[in-house]
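One-letter residues, chain by chain:
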Amino acid sequence: MTDANAKTKKAVERIPRKADDLSEWYTQVCLQAQLADYAPVRGCIVLRPYGYAIWERICAEFDRRFKATGHHNAYFPLFIPESLLMREAEHVEGFAPEVAWVTQGGGETLRERLALRPTSEVIIGTMYAKWIQSHRDLPILINQWANVVRWEKATRPFLRTLEFLWQEGHTAHATREEAAEEVQRMLGVYREVAEDVLALAVIAGRKSESEKFAGAEATYAIEALMPDGKALQAGTSHELGQNFARAYDITFTDADEQRKHVWTTSWGVSWRILGGVIMAHGDDNGLVLPPAIAPHQAVVVPIFRKGVEEVAAAARALQAELAGVCRVQLDDRIEQSAAWKFNEWELRGVPVRVEIGPRDLEEDVVTLVRRDTLAKERVARAHVVERMQVLLREIQDDLLARSKVDRDTRTMRVGEREAFVAALQAQRGYVLAPWCERAECERDVKAATGAVTRVLAQPAEQGAVCAYCGCPARVDAYFARSY
Ligand SMILES: [Zn+2]
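Calculation criteria
- All residue numbers refer to position in the chain's written sequence, counted from 1.
- In keeping with the predicted nature of the model, local features appear solely for residues at pLDDT of at least 70, side-chain atom pairs appear and are counted solely at 80 or more, and the whole-chain, interface and lining totals rest on all residues.
- Excluded from the side-chain calculation are hydrogens and water; included are all heavy atoms of the structure.
- Throughout, nonpolar core names a set of buried Ala, Val, Leu, Ile, Met, Phe, Trp, Tyr and Cys residues whose side chains join them through atoms within 4.5 Å.
- For the exposure calls, accessible area comes from a 1.4 Å probe over protein chains only, and a residue counts as buried if that area is under 20% of its type's maximum, exposed if over 50%, partly exposed in between.
- These domain limits were set by an automatic method or by a database of domain assignments.
- Any pair of residues with heavy atoms lying within 4.5 Å of one another is described as a contacting pair.
- Numbering of helices and strands runs from the N terminus, with a helix taken as a DSSP run of H or I at least four residues long and a strand as a DSSP run of E at least two residues long.
- Criterion used throughout: strands pair if DSSP finds at least two bridges between them.
- Axis lines are fitted through C-alpha atoms, for helices just across the contact stretch, and the angle between N-to-C directions can take any value from 0 to 180 degrees.
- The donor set comprises N, O and S atoms within 2.8 Å of the metal, extended to 3.2 Å for Na, K and Ca; water molecules are omitted, so apparent gaps in a site may simply reflect that omission.
- A site with four donors is called tetrahedral when every donor-metal-donor angle falls between 85 and 135 degrees; four donors are called square planar, and six octahedral, when opposite donors sit more than 155 degrees apart and all other angles fall between 65 and 115; any other arrangement is irregular.
- Of the two site types, the cavity is a set of points on a 1 Å grid over the protein atoms alone where a 1.4 Å probe fits but cannot get out, and the pocket is an open set with protein on both sides within 12 Å along at least five of seven lines, each lined by residues with an atom within 4 Å of a point.
- Grid points are joined across faces, edges and corners, and a volume is the space filled by probe spheres set on the points.
- Just so you know the grouping, Ala, Val, Leu, Ile, Met, Phe, Trp, Tyr, Cys and Pro go in nonpolar, Asp, Glu, Lys and Arg go in charged, and all remaining residues, Gly too, go in polar.

## Looking at the nonpolar core
No. 1: With 62 residues, the main nonpolar core has Ile58, Phe158, Leu198 and Ile278 as its most contacted residues.
No. 2: Viewed by domain, this core spans two of them, domain 1 (13-281) and domain 2 (291-394), each represented by three or more residues.
No. 3: With near-sequence residues (within four places) excluded, isoleucine 58 lies in contact with Leu198, Ile273, Leu274 and Ile293.
No. 4: Phe76, Tyr128, Ile142 and Ala245 belong to the second-largest nonpolar core, a separate cluster that totals 29 residues.

## Quick notes on the pairing of strand S23 (residues 475-480)
No. 1: In terms of residue burial, S23 counts as a mostly covered element, since six of its six residues are buried.
No. 2: Residues of S23 alternate between two faces, with Val475, Ala477 and Phe479 on one and Asp476, Tyr478 and Ala480 on the opposite face, all of them buried.
No. 3: As judged from the five bridges shared by strand S21 (residues 430-435) and S23, these two strands associate in the antiparallel manner. Within the sheet, the bridge partner assigned to valine 431 lies in S23 and is phenylalanine 479.
No. 4: In this sheet, S23 lies alongside strand S22 (residues 452-459) in antiparallel orientation, the contact comprising five bridges. Directly across from valine 455, in S23, lies its bridge partner tyrosine 478.

## Remarks on the sheet that holds strand S16 (residues 328-330)
No. 1: Spatial strand order, S16-S15-S17-S18-S19: five strands in an open sheet with mixed pairing. Only two strands of the sheet have a single partner each, and these edge strands are S16 and strand S19 (376-380). For this sheet, the mean angle separating the axes of adjacent strands, direction not counted, is 25 degrees.

## What about the coordination of the zinc ion?
No. 1: Taken together, Cys436 (SG), Cys441 (SG), Cys466 (SG) and Cys469 (SG) make up the protein donors of the zinc ion, found 2.3 to 2.4 Å from the metal.
No. 2: Coordination at the zinc ion is tetrahedral, judged from the four donor atoms that bind it and the angles of 103 to 117 degrees they form at the metal.
No. 3: Mapping the donors of the zinc ion onto the primary sequence yields the spacing C-x4-C-x24-C-x2-C. Here cysteine 436 and cysteine 441 have matching classes, each one buried.

## What about the layout of surface pockets?
No. 1: A volume near 1,300 Å³ is recorded for the largest pocket.
No. 2: For the largest pocket, the lining is made up of 49 residues, of which Glu98, Arg150, Arg160, Glu211 and Gln233 are closest to its centre.
No. 3: Listed by contribution, the elements that provide at least two residues to the lining of the largest pocket are helix H5 (89-95), strand S8 (163-173), strand S11 (231-239), strand S14 (263-270), helix H15 (439-449) and S22.
No. 4: Here the residues of the lining of the largest pocket are counted per class, giving 17 nonpolar, 16 polar and 16 charged.
No. 5: Counted as a void, the second largest pocket has a volume near 360 Å³.
No. 6: Looking at the second largest pocket, it is lined by 19 residues, and the ones nearest its centre are Lys18, Ala280, His281, Gly282 and Asp406.
No. 7: Those elements that provide at least two residues to the lining of the second largest pocket are strand S10 (218-225), helix H9 (272-281) and helix H13 (384-409).
No. 8: Among the elements that make up the lining of the second largest pocket, the one with the highest residue count is H13 (five residues).

Here you go:
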C-alpha cells in the first residue's frame, strides 16, 4: 500500500456511522468525498472540483427551468451603499445582525459604508426604478447567480456559511395577482427540481408571520426532512407586495394613464440544498448521489487478477460504449486494488459501479452494483448499455420513493396538547397540527420544545382548536426543529 493509499483508506474508516453521529458523519462525508474543504477564513468553505461539478448540475437544472418560464440572467454589484439599504425599514431590521460592512478602501476610510449584499432586493429594486416607465416594460423577470454574505455565528459546510452561492430571482409586475402567480410558479419550479432531480420529497407552503422574509408580505418555502428529524428550508419564494416599490420608488404609468407602484417578488435557492442531498441520501459508506446530478453516473472498475491487458481492453471498450448513454468514468489505475477503488467510489456516491474481471470476460457478462442499495446483478455483456439506462432511472425513482415514504412515516398528525408536545420533544420529524397562527403561541411552542412552524399547509377544519393553546385554529401547520 502506498502512503497516499494508506492515508485515504484510514480516512474512509474515520467516517462514523450515520445513525451514531449525524453531524460528524456529515462533516466527514463533505471533506472525505472531496466536495468541500475548510478555508483559512472563519465560516467559509472551498467548493472543490467534485463538489462544484455537482453544484453546476444543480444550477443547470434550475437555470433551464427559469429560462423556460421567461426569466433572463443578469448581474448586479456585490456592494450596497448604506443609505440605500436603510430605505426599507423591516428589511434592514431583519438583516442588520448579519450584514458585513466595508469601511475602508484603498487605504481611505469610506464616506459611506458599503454592505456586502446579504440579498439583492435593494440594489435590483433601485435599478428597476430606473428601467421601468410604462406598463409595457412589465413584467420584468430577472435572475442572478451570485455569492452573498451573511455574518453567521455557527457555521457548517453548505448548510450555513458566511459566504455562499445561490440564485436570486427578482421580478416586477403590474398587478398583485400576477406577482402572486409568479411566486407560486417559482415555488413549483423549486419543488419540481427538489423532487425530480434531487430526489428529495419536500413539503411546500406559506411561512408563518415570524418565519417570513424580512420585508415580505408573504413567504412560501419548500422544506426537506433530515434524518435527525430537523427540517431544512431548501428554497423560498416571496410576495413583496409594494413594500420595495414604495421604498425604492419603482413606479409605472398604467394603461389608464395613472402612475402606480409595481408589485415585486423575489425567490432564492442556495447551495444549502446540496447539503440536504448529502444528508438525506448518504449512508455509512458515504455519499449517495441521485443520477441526475452525479458528475459520474457510472464507474467502470476492471479487476486485474490475470490477463491484465485483456481485461483493460475490455474495460476501455465498455466505457466507450456506455459513454453513449451516461456520464461514465474508467478507473484503470493499477496502483490501487479493486476493493480500494470500490470504497472510494462508494464514498463519492457514484450511482452505478461496473465490475469487469477475467471470469466475467470468460462468461461474457459484467457485474453492476447500485450505490443506493449495494445490490449486485450480473448482466450479459450485450445488454449492459440497455440495462444501464433503465438502472439509472430506477435508482433516481427509488431514491425519491424512499424519501417520500420517509417523509410520510415521520409526519405525525396530532390534535391535542399533550400528544403535540410529546411528539415535538421526540424529534422524529414533522408534527402536523391545527394552529392558531398567533406569534405568541409560536414563541411558547419554541420555548417548550425547540420547534417552530415550518410551513402552513391548509386551512384548519371548521371548529378546530390550536393543538397547543386551545384558541380557534386557523391552519394546519407543520412543526419541527430546523437547521
Ligand atoms: Zn395556539
